[in-house]
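One-letter residues, chain by chain:
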2 protein chains.
Amino acid sequence: MANRLDAVFSAMSDPTRRAVIERLVADGPAPVSALHAPHDMALPTFLRHLKVLEASGLVRSEKTGRVRVVHLEAAPLAEVEDWLTRQRRMWEGRLDRLEALVRKMGEEP
Amino acid sequence: MANRLDAVFSAMSDPTRRAVIERLVADGPAPVSALHAPHDMALPTFLRHLKVLEASGLVRSEKTGRVRVVHLEAAPLAEVEDWLTRQRRMWEGRLDRLEALVRKMGEEP
């Protein structure tokens with residue numbers, strides 16, 4: 001699973017790729033041309049970003065006739081969110097324990 | 001904020017760096033030597049990982065006498081979690097609307 005988290009975090013470290021994810025999340029599957037349209041970059045550059053997303057498992061694409069349609073895969077996003085949520089809970093738990101300790105020390109006679 | 005998300009996602013795309021974050025989250029601030037101990041890599045290599053974490057804002061370090069102590073900064077982790085949670089909520093909202101639409105279509109006479 002380490003390699004998957006590596007690839008997903010790495011894929012999300014670029015603003016173009018995050019914008020593609022945001023678009024797919026908001027509007028559902030979309031053709032490559034529609035995803036490329038709002039980005040001021042050459043198509044081959046944009047296709048390289050799509051390849052990184054696809055290699056990480058965050059998206060998959062299917063050819064329907066002459067159009068390639070890109071779909072989001074929710075599972076890798078959920079894995080990354082789970083990892084972060086685990087860290088936050090552990091962090092909050094540690095702060096709570098520290099606070100309790102400090103309070104207890106204040107109550108000691 | 002785009003650059004900060006870029007740097008934080010990129011910093012988290014490596015298993016050694018995630019292990020350092022997990023350790024700081026679980027046990028609180030720690031000296032560089034203690035953070036390095038469980039990793040089977042040369043100290044200079046490990047220090048490069050720490051530098052990436054520090055540049056992203058995920059950790060800061062302070063020299064206390066001859067010991068450099070590393071602290072986690074919770075804010076960047078929270079920002080990344082927020083971005084992911086926004087995506088998941090939007091995704092679930094879209095699925096709910098699709099489901100409602102499908103149900104409504106089934107009810108049509």
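Higher on the page you've got the structure.
Residues numbered from 1 in each chain as written. Chains lettered and ligands numbered in written order. Predicted model: local features only at pLDDT ≥ 70, side-chain atom pairs only at ≥ 80, totals over all residues. Heavy atoms only, no water.

Turning our attention to the side chain of His-71 of chain B. Inspection of the secondary structure assignment puts His-71 of chain B in strand S3 (residues 67–72). Beyond its immediate stretch of four places on either side in the chain, His-71 of chain B contacts Leu-24, Pro-29, Leu-58, Val-59, Arg-60 and Glu-62 of chain B. (Helix = DSSP H or I, 4+ residues; strand = E, 2+ residues; numbered from the N terminus. Contact = heavy atoms within 4.5 Å.)

Here we take up the relation of the copies chain B and chain A. Mapping one chain copy onto the other needs a rotation about an axis and a shift along that axis. In screw terms, the move from chain B to chain A is a rotation of 180° and a rise of 0.0 Å along the axis, fitting with an RMSD of 0.0 Å. Such a turn and shift between the copies fits a two-fold axis. Taken as a fraction of all interface residues of chain B, those also at the interface in chain A reach 100%, which identifies the copy contact as same-surface. (Least-squares fit on C-alpha atoms with pLDDT ≥ 70 in both.)

Residues and elements named next belong to chain A. Two elements in contact, helix H2 (residues 15–27) and helix H4 (residues 43–56), have axes separated by 10 Å at closest approach and are oriented at 70°. On the basis of their axis angle, the class for H2 and H4 is roughly perpendicular. Relative to H4, H2 is oriented so that their crossing is right-handed. Here H2 contributes Thr-16, Arg-17, Val-20 and Ile-21 to the contact with H4, which in turn contributes Phe-46, His-49, Leu-50, Val-52 and Leu-53. Counted by class, the contact of H2 with H4 contains 6 nonpolar, 2 polar and 1 charged residues. (Axes fitted to C-alpha atoms, helices over the stretch in contact; angles between N-to-C directions. Parallel < 35°, antiparallel > 145°, perpendicular 65-115°, else oblique. Left-handed = near helix turned anticlockwise from the far one by under 90°. Nonpolar A, V, L, I, M, F, W, Y, C, P; charged D, E, K, R; others polar.)

Before going further, it helps to examine the pattern of salt bridges. Summed over the entire model, instances satisfying the criterion amount to 16 salt bridges over all chains. The closest approach of N and O atoms between Arg-60 of chain B and Glu-73 of chain B, which form a salt bridge, is 2.5 Å. Here the residue Arg-60 of chain B occupies a position in strand S2 (residues 59–64), and Glu-73 of chain B occupies one in the loop between S3 and helix H5 (74–107), the gap between them amounting to 13 residues. Note on Arg-60 of chain B: relative accessible area 33%, which makes it partly exposed. Each of the salt bridges in this network shares a partner with another, and the network as a whole consists of Arg-60, Glu-62 and Glu-73 of chain A. (Salt bridge = Lys/Arg side-chain N within 4 Å of Asp/Glu carboxyl O. Buried < 20%, exposed > 50% of the residue type's maximum accessible area, 1.4 Å probe, protein only.)

Attention shifts here to the sheet that holds S2 of chain B. All names here are of chain B. One open sheet holds the 3 strands; their spatial order is S1-S3-S2, and the pairing between them is antiparallel. At either margin of the open sheet sits one strand with a lone partner, and together these are strand S1 (30–31) and S2. Both S2 and S3 contribute to a ladder of 6 bridges, which runs antiparallel. In the strand pairing of S3, Glu-62 is matched with Val-69. Contacts from helix H2 (residues 15–27) reach S1, S2 and S3 within the one sheet, and its direction differs from that of S3 by about 85°. Contacting S2 and S3, helix H4 (residues 43–56) runs over the sheet at an angle of about 115° to S2. (Pairing = 2+ DSSP bridges.)

At the junction of the two partners, chain B supplies 32 residues and chain A supplies 32 residues. Between chain B and chain A, a total of about 2700 Å² is buried, with carbon and sulfur atoms accounting for 65% of that surface. Linking chain B with chain A are 4 salt bridges. Viewed at the interface, chain A and chain B are joined by 10 residue pairs in polar contact (both at pLDDT 80 or more). Elements represented by at least two residues in the side of chain B that touches chain A include exactly helix H1 (2–11), H2 and H5 of chain B. With 13 residues, H5 of chain B is the largest single contributor of residues to the side of chain B that touches chain A. Across the side of chain B that touches chain A, the residue classes tally to 18 nonpolar, 5 polar and 9 charged. (Buried area = accessible area lost by both parts, 1.4 Å probe. Polar contact = N/O pair within 3.5 Å; in protein donor to acceptor, adjacent residues only side chain to side chain.)

Purely spatial values, then, with no claim about function.
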